[in-house]
Amino acid sequence: MGNAKLLRVTADTPEARRVKLAPSILASDFARLGDELRAIESADWAHVDVMDGQFVPNISFGLPILAAARAASPLFMDVHLMIERPERYLRDFADAGADGLTVHVESTAHIHRAVQQIRELGKKAGVTLNPGTPLETLRPVLADVDLVLIMSVNPGFGGQKFIPHSLERIRTVRRWLDETGSAAELQVDGGVSATNARAVVAAGASNLVAGSAVFGKDGAQAGLERLREALK
Ligand code: DX5
Ligand code: ZN
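Just so it is clear, the model here is predicted, and its values are computed rather than measured.

S.K.: Is there a simple way to explain the overall build of the protein chain in this structure?
M.R.: Within the protein chain one finds eight helices and eight strands. Relative to its length of 232 residues, the protein chain is compact, with a C-alpha radius of gyration of 17 Å against a globular reference of 17 Å. Viewed in the frame of its principal axes, the protein chain has a C-alpha envelope of about 50 × 45 × 30 Å. Sorting the 232 residues of the protein chain into buried and exposed places 51% on the buried side. Excluding contacts between residues fewer than 6 apart, the proportion of contacts in the protein chain whose partners are at least 24 apart in sequence is 62%. Of the roughly 10800 Å² of accessible surface on the protein chain, a fraction of 53% belongs to carbon and sulfur atoms.

Here it is as structure tokens:
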């Protein structure tokens, strides 16, 4: 019947999958954060990169900036924690306005507990891993998360080049999620641009983070438009 066909089309074709765009405010002009957030209001989420100078070799920003972004924008605040032992700060980030919290498997000896804690705080729980970490490390928590993030650069800096092997990793996780009937978001972060967005979605991503590709010279609205065009 027509309906069944429609279901097949939406499930099987990446073009038909509704892709969420999550601009990373790491690449925005912090002196104009309110304006930058308004410029991305047509996006789906705002991606918030927290770096502690320990887990990654860079320090970005923390709780007060998240709170300011939360106050300035109704967007879903998607907080990517690149910090050691994130369980120490989950409640603080939830209180500061996070809607989703994503933690690295390498950053804690207790990834399962961290995921549980995020859920107990009533937030969407995400899990992620560095490009050099075996995908198998995700599997024990796969059924318990709302989001899996495949890092397509080594975390720590915006503006890096997409690592091609990431496509294979995205395909593998897409297969695992589909096999288990999981509706978790499959997010990809790092070096995503209008040039590769289509291939990333074709590999199975449902959610694209983009920093430098959105907050370019001609403004975030134009950057978002370019990504959307590339996905058509
Ligand atoms: C990298 C961050 C990314 C980064 C993406 O450590 O997790 O979210 O901001 O920036 P682009 O899109 O410029 O690679
Ligand atoms: Zn990120």
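Next comes the rest of the account.
S.K.: What is the right way to read the coordination of the zinc ion (ligand 2) from this model?
M.R.: Under perfect tetrahedral coordination by four donors, a metal shows angles of 109.5 degrees; under perfect octahedral coordination by six donors, it shows angles of 90 or 180 degrees. The coordination sphere of the zinc ion (ligand 2) contains the protein donors His-47 (NE2), Asp-49 (OD), His-80 (ND1) and Asp-189 (OD), at a distance range of 2.0 to 2.3 Å. Geometry at the zinc ion (ligand 2) is octahedral, judged from its six donor atoms and the angles of 69 to 169° they form at the metal. The motif formed by the donor residues of the zinc ion (ligand 2), counted along the single chain, is H-x1-D-x30-H-x108-D. Residue His-47 is located in strand β2 (residues 45-51), and its partner His-80 is located in strand β3 (residues 76-82); the two are separated by 33 residues in the primary sequence. With respect to class, His-47 is no different from His-80; both count as buried.

S.K.: Please clarify how helix α6 (residues 166-179) should be interpreted in this entry.
M.R.: The α-helix advances 3.6 residues per turn, and as a result positions three or four apart in sequence lie on the same side. The first and last C-alpha atoms of α6 sit 20 Å apart over 14 residues, in line with the 20 Å expected at 1.5 Å per residue. Looking at α6, one finds that the buried residues are Ser-166, Arg-169, Ile-170, Thr-172, Val-173, Arg-174, Trp-176 and Leu-177. Looking at the buried side of α6, the elements it contacts are β5 (124-129), β6 (147-151), β7 (185-189) and α7 (197-202). Remark: Gly-181 follows α6 within two positions and exhibits a positive phi of approximately 70°.

S.K.: Explanation requested: the side chain of Asp-49 in the structure shown.
M.R.: For Asp-49, the position within the fold is in strand β2. Side-chain polar atoms of Asp-49 contact the side chain of His-47, separated by 2.9 Å. Those residues in contact with Asp-49 that lie beyond four places of it in its chain are Ser-24, Leu-26, Ser-60, Phe-61, His-80, Met-82 and Asp-189.

S.K.: In this structure, what is going on with the site of ligand 1? I would like to understand it.
M.R.: Taken together, 20 residues surround ligand 1, and among them Asp-49, Gly-156, Asp-189, Gly-211 and Ser-212 come closest. Within the side chain of His-47, one N or O atom sits 3.4 Å away from an oxygen atom of ligand 1. Isolated, ligand 1 exposes 380 Å² of accessible area, and the fraction of that covered by the protein chains is 99%. Secondary structure elements with two or more residues in the shell around ligand 1: β2, β3 and β8 (207-210). Per-element accounting of the shell around ligand 1 gives the leading share, three residues, to β2.

S.K.: Before we go on, may I ask you to explain the sheet that holds strand β4 (residues 100-104) in this structure?
M.R.: Note on sheets: strands pair through backbone hydrogen bonds, and any given pair is parallel or antiparallel. Taken in spatial order, the eight strands line up as β1-β8-β7-β6-β5-β4-β3-β2 in an open sheet, and their pairing is parallel. Every interior strand has two partners, whereas the edge strands, β1 (20-23) and β2, have only one. Each adjacent strand pair in this sheet contributes to an overall mean axis angle of 25°, direction not counted. Strand direction decides the pairing type here: β5 and β6, joined by four bridges, are parallel. Directly across from Gly-126, in β6, lies its bridge partner Leu-147.

S.K.: Quick question: what am I supposed to make of the nonpolar core here?
M.R.: In summary, soluble globular proteins display a tendency toward joint burial of nonpolar side chains. Core analysis: the biggest nonpolar cluster contains 63 residues, and Ile-40, Val-79, Leu-81, Leu-138, Val-148, Val-173 and Leu-208 have the highest contact counts within it. Other than its neighbours up to four places away in sequence, Leu-208 contacts Val-19, Lys-20, Leu-21, Ala-22, Val-188, Val-192, Ala-197, Val-200, Val-201 and Leu-231. Judged by nonpolar contacts, the second largest core, of eight residues, contains Trp-45, Met-151, Val-153 and Val-209.

S.K.: When you look at the UniProt feature "active site" (unreviewed entry) in the protein chain in this model, what are you seeing that I'm missing?
M.R.: Per the UniProt record, "active site" (unreviewed entry) is annotated on Asp-49 and Asp-189. Spatial clustering of the annotated residues is evident: they stretch over 141 residues in sequence, but the largest pairwise C-alpha distance comes to 10.5 Å. Given a relative accessible area of 5%, Asp-49 falls into the buried group. Polar side-chain contacts of Asp-49 include one of 2.6 Å to the side chain of Ser-24. The residue Asp-189 is located in strand β7 in this model. With residues up to four places along the chain from it excluded, the contact list for Asp-189 reads His-47, Asp-49, His-80, Leu-149, Ile-150, Met-151, Ser-152, Val-153 and Val-209.

Parameters at a glance
Residues numbered from 1 in each chain as written. Chains lettered and ligands numbered in written order. Predicted model: local features only at pLDDT ≥ 70, side-chain atom pairs only at ≥ 80, totals over all residues. Heavy atoms only, no water. Helix = DSSP H or I, 4+ residues; strand = E, 2+ residues; numbered from the N terminus. Rg over C-alpha atoms; globule rule 2.2 N^0.38 Å. Buried < 20%, exposed > 50% of the residue type's maximum accessible area, 1.4 Å probe, protein only. Contact = heavy atoms within 4.5 Å. Areas by Shrake-Rupley, 256 points an atom, 1.4 Å probe, with all protein chains shown as cover. Donors = N, O, S within 2.8 Å, 3.2 Å for Na, K, Ca; no water. Tetrahedral: all angles 85-135°; square planar, octahedral: opposite > 155°, others 65-115°. Expected span 1.5 Å × (residues − 1). Polar contact = N/O pair within 3.5 Å; in protein donor to acceptor, adjacent residues only side chain to side chain. Near = heavy atom within 4 Å. Pairing = 2+ DSSP bridges. Axes fitted to C-alpha atoms, helices over the stretch in contact; angles between N-to-C directions. Core = buried A, V, L, I, M, F, W, Y, C linked by side-chain atoms within 4.5 Å. UniProt positions renumbered as here; feature names shortened; annotations may be inferred.

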